Amino acid sequence: MNQVPSAIGLQFQLVTYIAFSFLFLSSSNQSLLQYNTMVESYLGEEFHFPAKNPSEEASIKWRKAVTLVKNHSRRFRHVLNLDKRSIHQDRFTEIKENLRVTFLTVRAAMRFMDAGGTHSDNHKPKDAKVSYFRNNPDKLASMVQNYDMKTLRSLGGVDGIAKAVEVSIDEGVKSSDFSVRQETYGVNKYTEKPSKSFFMFVWEALHDLTLIILIVCALVSVGVGLATEGWPDGIYDGLGILLSILLVVTVTAVSDYKQSLQFKDLDKEKKKISCHVTRDGARMKVSIYDLVVGDVVHLSIGDQVPADGIFISGYSLLIDESSLTGESHAVNIDDKKPFLLGGTKVQDGSAKMLVAAVGMRTEWGKLMETLSEEGENETPLQVKLNGVATIIGKIGLGVAVLTFLVLTVRFLIEKALQNEFSSWTSSDAMNMLDYFATAVTIIVVAVPEGLPLAVTLSLAFAMKKLMDDKALVRHLSACETMGSSTCICTDKTGTLTTNHMVVDKIWVSGKTKDVKEPSELSPDLSTTILECIFECTSAEVVRDKDGKTSILGTPTESAILEYGLLLGGDFSTIRGAIKVIKMEPFNSAKKKMSVIVCLPDGRIRAFCKGASEMVLEMCDKIVDGSGEIVPMSEEKAKLITDVIKKFADNALRTLCLAYSDVEDGFDMQKDIPDNGYTLIAVIGIKDPLRPGVKEAVETCLAAGITVRMVTGDNINTARAIAKECGILTEGGLAIEGPEFRAKTTQEKSVLAPKIQVMARSSPTDKLDLVKHLRGLSEVVAVTGDGTNDAPALHESDIGFAMGIAGTEVAKEQADVIVMDDDFATIVKVAKWGRAVYINIQKFVQFQLTVNIVALMINFVSACITGSAPLTAVQLLWVNLIMDTLGALALATEPPNDGLMARQPVKQTESFITKTMWRNILGQSVYQMAVLFVLNFAGKPILNLQGPDATAILNTFIFNTFVFCQVFNEINSRDMDKINIFRGMFTSWIFIGVMVSTVAFQVIIVEFLGTFASTVPLKWELWLLSIAIGSVGMPIAVILKCFPIEKPVVHDGFEALPAGPEPGVHDGYEILPAGPENV
């Protein structure tokens, strides 16, 4: 340190400084508002980024605006690589176009051959022998991909292929053959890019431009030091910088590597897709990656075709091949067009398929190989913090340049005054090098490279924890966006209810019966009901190796089949005696399932099962109390309607069973009849409310998140369930989908925010509701499980697909997969989303405080004394504390219950709030006041004398500065509340970082002084450093007593104003006990 200024001059400087600081804070509201406005205006539109489906223009715009980056590869590791994406998209498009042309050509040739009858025996290729395809995976794959019908027919169709791959279509693959088939035909996986090793992350960390410059400076310092001071004294300064850089690089690489492992685990979870197969004579569920050639796969609506294969049997199978060919027109698959390609989607129908090619021998595998890890779309917070980092970086660069200029000019003036300007020594060169190293180190500290990376760290941590909580986050931005969600449009079945269904009541022959009561049905009626239950279903009754019976199918189908078995029906016997002619599987648009069968006596009969009101409309006859078939009079129709309503009022799902005898045969080209049916029974299915759902809904309402039930069920059932779980409040609006559909656009916009229950809704109604809510500035989360839910999931701000009941099509469009289908899990995602936002704010508050103090203390000291109190090594350690370690400590804090007692954060709200500015500037003023006093008057205050007084003072200033940051890090745990210790001792990461920081600080000061320019301190000075740092805690309490934001409610968080009148939703409303009563 240079000599201490005079007492009068010092007092004047300190009084002026402190007066200015408190004058600045006294006009807090206005000043902080100006800071907010300044930051937001600089960020402008370049750094305002949509959370979902961003345009390429928006992605390019913010990248161009980020002008100051120390390490490009690290900063942008977790954002989309636009150049790679463009290259891969071009290749992907080219391959798809080639596939499309090939498929269209082959299909045209097939139609031509079929029209000309060229499939006769005379046109069989002579070389099409079964033996040529045995153990020849390439020939099998080529036949499927080229749609080679001639070869397939010459082999005897799918039976011939089954013979070639040595498998029974009825029994499926034997488990004992599994490994042999994988070796012979390949595994069902595509080539993926290998993951990065730890040393790759070390190499990337070394690409930091400022660290490279410091390495050069350190090497020059070592060289000059050896020439002037000799070994070993000449190497200490340079070696200290090199060791500090090594520490920074190691800690950074370890943090980044652990993040990559977390993302790798998440990617594995994302790729877990299951399918149903027949193996060892039993139907079972396996991973698509365990499929082998010869497997018999069962396909249903919404499934992804897991490999290339050949149609065995099925009904109304409609395949969407747009993922391969880009063609939006779905393709009918049957015996005449039997080839199925992996990666395509089942749009309608059901079927069994024989796997003929897997993995890289499929077109889908080849297509997926062209894609590589070009990164995921960046999140709004990442983009915004890149903007903040750019602002701070520019300020820091300016300060660094000024510091270097001030130090250099002072040095040159001193030499000129001492008439030494013409004589330069190695010591002068070392001084200049030290000045340059200090300036570069200021840039290292000033450019907060860790800000945008902290978002990734926090999101990765949250995603990992959510995976443990049964929520698989597929897109980073979803977790972040969920923290701002204002409403959730949820399904009922399986999400609010357990999805463990059981038939509870049945109306048949004019009577309502409990299923536990003995059956009194006539044999004929009982047989008809069992035929309808066992034939009009997509579920199956299967037996495992131990002979244990189980049902494979949807919960609704399983409940009805279970009731059929309870009546004494034999599934296999009835299915074996009746031939299915045509089937129309259930989907959410039709809300019914129909089947045409040929009975054992030769009669043709149609069975129908589905939504009670819809099936009732199709019936003109009914089975009365005596078992006779009588016309459906208005009186009887009203009786059935009353039964349906009574079941629904008791929260039972209602379905009707009906049949119709088809006279004069059935034309396969026609649809199954939709009128002239005879009503057999009304079934009431019990689906209990999930435990904890009512509490989860209450949590949402307290958090300002409106919950809306959107279901295909009867409106009375929906009302009963909605009231039970607290969704439907007094005066709340329950509406049916068709009624909402009939409204005008303006009427829908008025109704949408008032709706709490939408029953009998179609996927189109759900999509329409989501669009109108988003148009009213709502941040909408939507749940879905069916194929037809995909558009609504895509349109929403956050799409939730069900992991158990959800189809692959729905999961592909979703942002989050709820693995346990539980509504409470969605609430956990919202809580973690809010935690991510708050944690990043804490980290930004902490880092900006360190930045301001470090920059100001070095710059002001350089201007006044001609030297910087914090050396390059010390600044590198400070950078590590505030960057990587600070992010670990603050960005990974788990959520607390108080987060769900505040209103959602608007996406347009300023990220750095006035509260944060209050805390930042208040702590900065205190720390700078203390450090300036020590810097200018430390020796007399501390009574330091002797030749080592300057070294002791510099060490004490460094030590005090670090402890100020340690206690400020604790202060930053909560920006509003006084109790900052809540939950701290259960946050092991935070405690670990704090202990590690203090321990290493002791090591630096006491044992690494040669490298870090420190000297050991007496215990009194250690205690004083800690005491000065700890004073920041009561100062934080005082600062929090000065309200900056609006009045707070609930757990100390901001309350939003009452907002506009009902129906006008350009703001948010306080919801004291649920959604607003409208």
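Reading the values: the criteria
- Residues numbered from 1 in each chain as written.
- Predicted model: local features only at pLDDT ≥ 70, side-chain atom pairs only at ≥ 80, totals over all residues.
- Heavy atoms only, no water.
- Helix = DSSP H or I, 4+ residues; strand = E, 2+ residues; numbered from the N terminus.
- Buried < 20%, exposed > 50% of the residue type's maximum accessible area, 1.4 Å probe, protein only.
- Contact = heavy atoms within 4.5 Å.
- Areas by Shrake-Rupley, 256 points an atom, 1.4 Å probe, with all protein chains shown as cover.
- Salt bridge = Lys/Arg side-chain N within 4 Å of Asp/Glu carboxyl O.
- pLDDT = per-residue confidence, 0-100.
- Phe/Tyr/Trp six-rings, centres within 6.5 Å; stacked < 30°, edge-to-face > 60°.
- Pairing = 2+ DSSP bridges.
- Axes fitted to C-alpha atoms, helices over the stretch in contact; angles between N-to-C directions.
- Right-handed = clockwise from strand over helix to strand, strands pointing away.

## Examining the overall build of the protein
(1) Moving on: A count of helical and extended segments in the protein gives 39 helices and 28 strands.
(2) Moving on: Out of the 1078 residues in the protein, the part that is buried amounts to 56%.
(3) Moving on: The contacts in the protein between residues at least 6 apart in sequence include a share of 74% that link residues at least 24 apart.
(4) Moving on: Surface accessibility of the protein: about 45,200 Å² in total, with carbon and sulfur atoms responsible for 57%.

## Examining the pattern of salt bridges
(1) Moving on: Under the criterion given, the structure shown has 26 salt bridges.
(2) Moving on: Here aspartate 713 and lysine 492 are joined by a salt bridge, their closest N and O atoms 2.8 Å apart. Here lysine 492 lies in the loop between strand 9 (487-490) and strand 10 (502-508) and aspartate 713 lies in the loop between strand 21 (706-710) and helix 26 (715-725), a separation of 221 residues in the sequence. For the residue pair aspartate 713 and lysine 492, the accessibility class agrees, reading buried in each case.
(3) Moving on: A salt bridge links arginine 774 to aspartate 797; the shortest N-O distance between them is 3.1 Å. Residue arginine 774 is located in helix 29 (residues 763-775), and its partner aspartate 797 is located in the loop between helix 30 (790-795) and strand 25 (798-802); the two are separated by 23 residues in the primary sequence.
(4) Moving on: A residue is classified by how much of its surface remains accessible, and arginine 774, at 33% relative accessible area, is partly exposed.

## A few points about the confidence of the model for the protein
(1) Moving on: In the predicted model, the protein carries a mean pLDDT of 80, and 85% of its residues have values of at least 70.
(2) Moving on: Counting interchain partners and residues more than four positions distant, the pLDDT-below-50 stretch residues 118-127 has 11 contacts.
(3) Moving on: Across residues 1047-1078, where pLDDT falls below 50, the model places 69 contacts with residues more than four positions away in sequence or in other chains.

## Topic: the environment of valine 355
(1) Moving on: Along the polypeptide, valine 355 turns up in strand 7 (residues 345-357).
(2) Moving on: Residue classification places valine 355 among the buried positions, given a relative accessible area of 0%.
(3) Moving on: Sequence separation between valine 355 and alanine 307 is 48 residues, and the spatial gap between their C-alpha atoms is 6.4 Å.

## Considerations on the packing of aromatic side chains
(1) Moving on: Evaluation of the coordinates by the stated rule reveals 10 aromatic pairs.
(2) Moving on: When the centroid spacing of 5.6 Å and the interplanar angle of 70° are considered together, the rings of tyrosine 147 and phenylalanine 339 count as edge-to-face. With tyrosine 147 in the loop between helix 7 (137-145) and helix 8 (149-154) and phenylalanine 339 in strand 6 (residues 339-340), the pair connects residues that are 192 residues apart, well separated along the chain.
(3) Moving on: Take phenylalanine 339: its relative accessible area is 1%, and that puts it in the buried class.
(4) Moving on: Both rings, one in phenylalanine 932 and one in phenylalanine 936, keep their centres 5.9 Å apart while their planes meet at 5°; by these two values the pair is stacked. Of the two residues, phenylalanine 932 and phenylalanine 936 are both situated in helix 34 (residues 914-942); the distance of four residues between them amounts to about one turn of the helix. Each member of the pair phenylalanine 932 and phenylalanine 936 is classed as buried.
(5) Moving on: One aromatic cluster in this structure is built from Phe198, Phe199, Phe201 and Tyr257.

## Let's talk about the sheet that holds strand 23 (residues 755-759)
(1) Moving on: With mixed pairing, the eight strands of this open sheet are ordered in space as 8-26-25-24-9-21-23-22. Edge positions in the open sheet fall to strand 8 (471-473) and strand 22 (733-736), since each of these has one partner strand only. Adjacent strand axes in the sheet meet at a mean angle of 20°, parallel and antiparallel pairs treated alike.
(2) Moving on: Here strand 9 runs beside strand 24 (residues 780-784); their pairing, made up of three bridges, is parallel. Counted as the bridge partner of cysteine 489 is valine 782 from strand 24.

## Remarks on the pairing of strand 25
Looking along a regular strand, one sees the side chains alternate between the two faces of the sheet.
(1) Moving on: By the criterion of burial, strand 25 is predominantly enclosed, with five of the five residues buried.
(2) Moving on: Neither face of strand 25 is open: one carries Ile798, Phe800 and Met802, the other Gly799 and Ala801, and all of them are buried.
(3) Moving on: Examined bridge by bridge, strand 24 and strand 25 share four bridges and lie parallel to one another. Of the residues in strand 25, the one forming a bridge with valine 782 is glycine 799.
(4) Moving on: For the crossover from strand 24 across helix 30 to strand 25, the handedness is right-handed.
(5) Moving on: As paired elements, strand 25 and strand 26 (residues 816-818) share three bridges and run parallel to each other. Looking across to strand 26, one finds that alanine 801 is bridged to isoleucine 817.
(6) Moving on: With helix 31 (residues 808-813) bridging strand 25 and its parallel neighbour strand 26, the resulting β-α-β unit is right-handed.

## Notes on the environment of serine 142
(1) Moving on: Here serine 142 shows up in helix 7.
(2) Moving on: Among the residues examined, serine 142 registers a relative accessible area of 33% and is labelled partly exposed.
(3) Moving on: Spatially, the C-alpha atoms of serine 142 and alanine 356 are 9.7 Å apart, while their sequence positions differ by 214 residues.

## Here's the deal with the pairing of strand 15 (residues 592-598)
(1) Moving on: In terms of burial, strand 15 is a largely internal element, six of the seven residues being buried.
(2) Moving on: By the bridge criterion, five bridges tie strand 14 (residues 579-584) to strand 15 in an arrangement that is antiparallel. By the bridge assignment, methionine 583 is partnered in strand 15 with valine 595.
(3) Moving on: Strand direction decides the pairing type here: strand 15 and strand 16 (residues 604-611), joined by seven bridges, are antiparallel. Note that in strand 16 the partner of valine 595 across the bridge is phenylalanine 607.
(4) Moving on: Between strand 15 and the antiparallel strand that follows it, strand 16, lie five residues; glycine 602 among them carries a positive phi value of about 95°.

## Some thoughts on the environment of valine 693
(1) Moving on: Counting through the fold element by element, valine 693 comes out in helix 25 (residues 693-702).
(2) Moving on: By relative accessible area, which is 0% here, valine 693 ends up buried.
(3) Moving on: Taking the C-alpha atoms as reference points, valine 693 and cysteine 725, separated by 32 residues in sequence, lie 6.4 Å from one another.
(4) Moving on: Leaving out residues up to four positions away in the same chain, valine 693 has contacts with Thr495, Leu496, Cys725, Asp822 and Phe823.

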